[in-house]
Protein chains: 2
Amino acid sequence: MPKISSSKTSPLSVHSASANEPPFEQPCPIRDVLNRIGDQWSLLVLETLYPEKKRFNELMREIGDISKQMLSRTLKKLEQDGFITREVYPEIPPRVEYELTPLGHSFLKPMRTLVGWADDHHRDIVNARQRYQPAERQWQQPK
Amino acid sequence: MPKISSSKTSPLSVHSASANEPPFEQPCPIRDVLNRIGDQWSLLVLETLYPEKKRFNELMREIGDISKQMLSRTLKKLEQDGFITREVYPEIPPRVEYELTPLGHSFLKPMRTLVGWADDHHRDIVNARQRYQPAERQWQQPK
DNA sequence: CGGAATCCCTCCCGATACTG
DNA sequence: CAGTATCGGGAGGGATTCCG
């Protein structure tokens, strides 16, 4: 079983390295991956990019409630990590297309396993939350 | 295919509701789930809890670099969502045991699919990052 | 059209101290 | 032992503006 924990003493903090010091070896693969796709938008962008390449504004429209900034940031991160490619066409007006790489495609499978689970069990989770009582913790709500 | 996007106009923000207004229906299951397990510690705690129940300080020791506060918070969230149970033994000194629920166990499978993928492809990602050049973005680094 | 720069604000999370 | 209260820094992310 692959490890999730950090290696020994090293903190797991995946501080994105400064510009001139690229992130080299991460102590833990899964943490590293999660810190990329665990954000608000990455999964959604990857899914939207399937199956065919799309342009920036296409993605904006299809996703609907993402800001330009976040779409831009997300795309750049995904490109950096090799999940997607970015192709610029020297036209007026400019056109930029994003497309899944083989790595990106291969990621869709485990991702969908997780998405499927989430979909199947979301009701259970919501129900659990509603049933949840702060329990026998005997302190009072502060104020 | 289960949807990832938000439903229509509703923002995806999964603002944890205020204390007296529990989070009812989330617009998107996968987002909801990701916002729980996408944090720094949840996956690690779940994995550490497998296969047998463990006590608070056991978890502290095994994980190693988690603070008491974050362990406490993480456990509470996982308990709320029905991934784990919390059992308090009225002893001196106190003893509290955490254990995976069936829901928690069932989550381990898709989770490991993802972990496995991360493990298999982490090298590719690291390599992609190293190869990455800011590319043909034609503006100059601001200072 | 496809971004980048800036502002700002909200969580996340660590460190510490205190409690039953 | 098993937490909670509190403080505070920093990352995440929305809105807007500017620029090629």
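Since the model is a prediction, treat every value here as computed from it, not as a measurement.

(A) Summary view of the UniProt feature "domain: HTH hxlR-type" (unreviewed entry) in chain A. The positions UniProt marks with the feature "domain: HTH hxlR-type" (unreviewed entry) are residues 28–126 of chain A. Here residues 28–126 of chain A is 63% helix and 14% strand, with 31 Å between the C-alpha atoms at its ends.

(B) Fine view of the protein's contact with DNA strand C. Neighbouring residues of DNA strand C: 23 residues in total, closest Gln69(A), Ser72(A), Arg86(A), Tyr98(A) and Met70(B). A share of 61% of the atoms of DNA strand C within 4 Å of the protein falls on sugar and phosphate groups. A distance of 2.3 Å separates a phosphate oxygen of DNA strand C from a polar side-chain atom of Tyr98(A). Within the backbone of Gln40(B), a nitrogen or oxygen atom sits 3.0 Å from a phosphate oxygen of DNA strand C. Every element with two or more residues in the surface near DNA strand C is listed here: helix H3 (56–63), helix H4 (68–80) and strand E3 (95–100) of chain A together with helix H4 (68–80) of chain B. Top contributing element to the surface near DNA strand C by residue count: H4(A), with four residues. Considered class by class, the residues forming the surface near DNA strand C number 10 nonpolar, six polar and seven charged.

(C) Spotlight on the packing of aromatic side chains. As enumerated under the stated definition, the model contains six aromatic pairs over all chains in all. Here Phe83(A) and Phe107(A) contribute two aromatic rings whose centre-to-centre distance is 5.4 Å and whose plane-to-plane angle is 85°, an arrangement assigned as edge-to-face. On the criterion of sequence distance, the pair formed by Phe83(A) in the loop between H4 and strand E2 (84–89) and Phe107(A) in helix H5 (residues 102–131) is long-range, its members being 24 residues apart. The pair formed by Phe83(A) and Phe107(A) is uniform in burial state, with each residue classed as buried. Geometrically, the ring pair formed by Trp117(A) and Phe83(B) is tilted, given 5.9 Å between the ring centres and 35° between the ring planes. Of this pair, Trp117(A) sits in helix H5 while Phe83(B) sits in the loop between H4 and strand E2 (84–89), each in a different chain. For the residue pair Trp117(A) and Phe83(B), the accessibility class agrees, reading buried in each case.

(D) Region of the structure containing the sheet that holds strand E3 (residues 95–100) of chain B. Residue and element names in this part refer to chain B. Strand order across the open sheet formed by three strands is E1-E3-E2, with antiparallel pairing between neighbours. Where the open sheet ends on each side, the last strands, each with one partner, are strand E1 (54–55) and E2. When E2 meets E3, the two strands line up antiparallel, connected through six bridges. Bridge pairing links Tyr-89 to Arg-95 in E3.

(E) Region of interest: the protein's contact with DNA strand D. Around DNA strand D, 22 residues are found, and the nearest of them are Met70(A), Gln69(B), Ser72(B), Arg86(B) and Tyr98(B). Per the 4 Å cut-off to the protein, sugar and phosphate atoms form 65% of the nearby atoms of DNA strand D. Between DNA strand D and Arg73(A) there is a distance of 2.9 Å, counted from a base nitrogen to a side-chain nitrogen or oxygen. Within the residue set of the surface near DNA strand D, elements represented by two or more residues are H4 of chain A together with helix H3 (56–63), H4 and E3 of chain B. Sort the elements by how many residues they give to the surface near DNA strand D and H4(B) lands first, with four residues. Partitioned by chemical class, the residues of the surface near DNA strand D number nine nonpolar, five polar and eight charged.

Scoring rules and cut-offs
- Residues numbered from 1 in each chain as written.
- Chains lettered and ligands numbered in written order.
- Predicted model: local features only at pLDDT ≥ 70, side-chain atom pairs only at ≥ 80, totals over all residues.
- Heavy atoms only, no water.
- UniProt positions renumbered as here; feature names shortened; annotations may be inferred.
- Helix = DSSP H or I, 4+ residues; strand = E, 2+ residues; numbered from the N terminus.
- Near = heavy atom within 4 Å.
- Polar contact = N/O pair within 3.5 Å; in protein donor to acceptor, adjacent residues only side chain to side chain.
- Nonpolar A, V, L, I, M, F, W, Y, C, P; charged D, E, K, R; others polar.
- Phe/Tyr/Trp six-rings, centres within 6.5 Å; stacked < 30°, edge-to-face > 60°.
- Buried < 20%, exposed > 50% of the residue type's maximum accessible area, 1.4 Å probe, protein only.
- Pairing = 2+ DSSP bridges.

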